2 protein chains.
Amino acid sequence: MERSTKNKLIWTAAKLFQEKGFNGVGLNEILTVSGVPKGSLYHHFPNGKTDLALAAAGFVHGEMTRIIDEAFGEATSYRDGATTLFHKLAKLFELMGKHSACPVSHILFGEPENADFQKRTSEVFDAWIAQIVGHAERLGETPDAARAAARHLFVVLQGGWTLARARQDSYELRRLPELLFDG
Amino acid sequence: MERSTKNKLIWTAAKLFQEKGFNGVGLNEILTVSGVPKGSLYHHFPNGKTDLALAAAGFVHGEMTRIIDEAFGEATSYRDGATTLFHKLAKLFELMGKHSACPVSHILFGEPENADFQKRTSEVFDAWIAQIVGHAERLGETPDAARAAARHLFVVLQGGWTLARARQDSYELRRLPELLFDG
DNA sequence: ACACGACTAGACCGATCGGTCTAGCGATGA
DNA sequence: TCATCGCTAGACCGATCGGTCTAGTCGTGT
């Protein structure tokens, strides 16, 4: 990602929002950390903080999409792909300092009355699940099995991430495949 | 719960924090909704907002403990108990307006740098899992199976709640038993 | 050389934040 | 009757919030 002013803002905002939530981060903090003045923020994001949050959510959505494709692209079975995905996310979780929540939910759940945030969250979740369904079918699962498996994976990932965060331990993410496949 | 001033504060704070998170709710909003003046808040909670949040988390912890015991108390098998639990929580979710997140995590994850919040979250989660392990063993599961089942239930509950919130649909909670038992 | 548009820079604004402080109410016991 | 004390009541505080506005910088096309 090219380190333009705009991208620095998005990257910094995404990181901070994931740690502390939309309402837990002030513009001044984002500005100080990214080293960008306030005028630039409102040039690139005329609607201010909400615009920036939506852009940050879009960025992490793209990153997550890429990670999912990478994990399943190398795999020879659905189980392999899912296991790789959890290990990749565990590494990401460590990289973020073991404080971050599921990127999208933590950025966009802060303002439940904001219809844009609400809609976007739902869309992103649907997109992830559909993407995993696609990989599952490609790797030989029947459509029904693929849909059930994708939902199960998504739900377990969300919950496992919460537990990992509470315990500050990425192992909670790495052991999730047991839950899916050895239960 | 007796409707004393202190309890009105706890109850209101719990509801609002669940919807909007710790940083998404101002003291003035809590005070207005509950109809309590600021002086009373600082009389009952000398350390202000953080005290109140910990009390609210303790309250929802107790409620959740009660719900878990009720669900498994009526049950003749672990599967029955778990299914009842999900239905009870789906009803609760509807009652709260389909905006609320997992009570404890949303109240206490707002300030990841606050060690008290961090510790309390982890403790509450551990307590819930231990409680479910107890019920599972009582209902005939082996210790190993009970521990695996309890973790699976907890993780699926957390993730399913997130999905239910994103889609504003309590059915996402009601269908979780399929994931646990028909996968 | 000059004009113009994209972008940077930060002073400044009213509103709201969490928190403090003093005054007073009202039940209880001496 | 009056002193006491748990609690209510809300005015007030400095800090910080998200957002606006003007001035200036820089690169590019003419």
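What counts, and where the lines are drawn
- Residues numbered from 1 in each chain as written.
- Chains lettered and ligands numbered in written order.
- Predicted model: local features only at pLDDT ≥ 70, side-chain atom pairs only at ≥ 80, totals over all residues.
- Heavy atoms only, no water.
- Phe/Tyr/Trp six-rings, centres within 6.5 Å; stacked < 30°, edge-to-face > 60°.
- Helix = DSSP H or I, 4+ residues; strand = E, 2+ residues; numbered from the N terminus.
- Lys NZ or Arg CZ within 6 Å of the ring centre and 35° of its normal.
- Contact = heavy atoms within 4.5 Å.
- Buried area = accessible area lost by both parts, 1.4 Å probe.
- Salt bridge = Lys/Arg side-chain N within 4 Å of Asp/Glu carboxyl O.
- Polar contact = N/O pair within 3.5 Å; in protein donor to acceptor, adjacent residues only side chain to side chain.
- 1 Å grid on protein atoms, 1.4 Å probe; cavity = no way out; pocket = protein on both sides within 12 Å on 5 of 7 lines; lining within 4 Å.
- Points joined across faces, edges and corners; volume = space filled by probe spheres on them.
- Nonpolar A, V, L, I, M, F, W, Y, C, P; charged D, E, K, R; others polar.

A. Inspection of the packing of aromatic side chains at higher detail. One pass over the full model with this rule turns up 15 aromatic pairs over all chains. Look at A:Phe125 and A:Trp128: their rings are 5.9 Å apart centre to centre, the planes differ by 35°, and that puts the pair in the tilted class. Here A:Trp128 and A:Phe125 lie together in helix 7 (residues 115-138), a separation of three residues that amounts to about one turn. Each member of the aromatic cluster is reached from another via a ring pair, and the members are A:Phe17, A:Phe22 and A:Phe117. Sitting over the ring of A:Phe45, A:Lys6 keeps its end group 5.6 Å from the ring centre. A cation over an aromatic ring shows up here: B:Lys49 above the ring of B:Phe22, its NZ or CZ 4.5 Å from the ring centre.

B. How the structure looks around the interface of chain B and chain A. If you look at the interface, chain B gives 36 residues, while chain A gives 36 residues. Together, B:Phe109, B:Arg151 and B:Leu179 form the three largest contributors to the area buried by chain B at its contact with chain A, with a combined 18%. Measuring nitrogen to oxygen at the nearest pair gives 2.5 Å for the salt bridge that ties B:Arg167 to A:Asp126. If you look at where chain B meets chain A, you find six residue pairs in polar contact (both at pLDDT 80 or more). Elements with a contribution of two residues or more to the side of chain B that touches chain A: helix 1 (5-20), helix 6 (103-108), helix 7 (115-138), helix 8 (143-167) and helix 10 (176-181) of chain B.

C. Local environment of empty space enclosed by the protein. The tally for this structure, following the rule as stated, stands at five cavities of 30 Å³ or more. Approximately 270 Å³ is the volume found for the largest cavity. Surrounding the largest cavity, 18 residues form its lining, A:Ser105, A:Thr162, B:Ser105, B:His106 and B:Thr162 being those nearest its centre. Taken together, the elements giving at least two residues each to the lining of the largest cavity come down to helix 6 (103-108) and helix 8 (143-167) of chain A together with helix 6 and helix 8 of chain B. In the lining of the largest cavity, the residues fall into eight nonpolar, eight polar and two charged. Looking at the second largest cavity, it is lined by 17 residues, and the ones nearest its centre are A:Gly21, A:His106, B:Lys20, B:Gly21 and B:His106. Residues that form the lining of the second largest cavity fall into these classes: four nonpolar, eleven polar and two charged.

In short, the description is geometric, and any link to function would need to be established separately.
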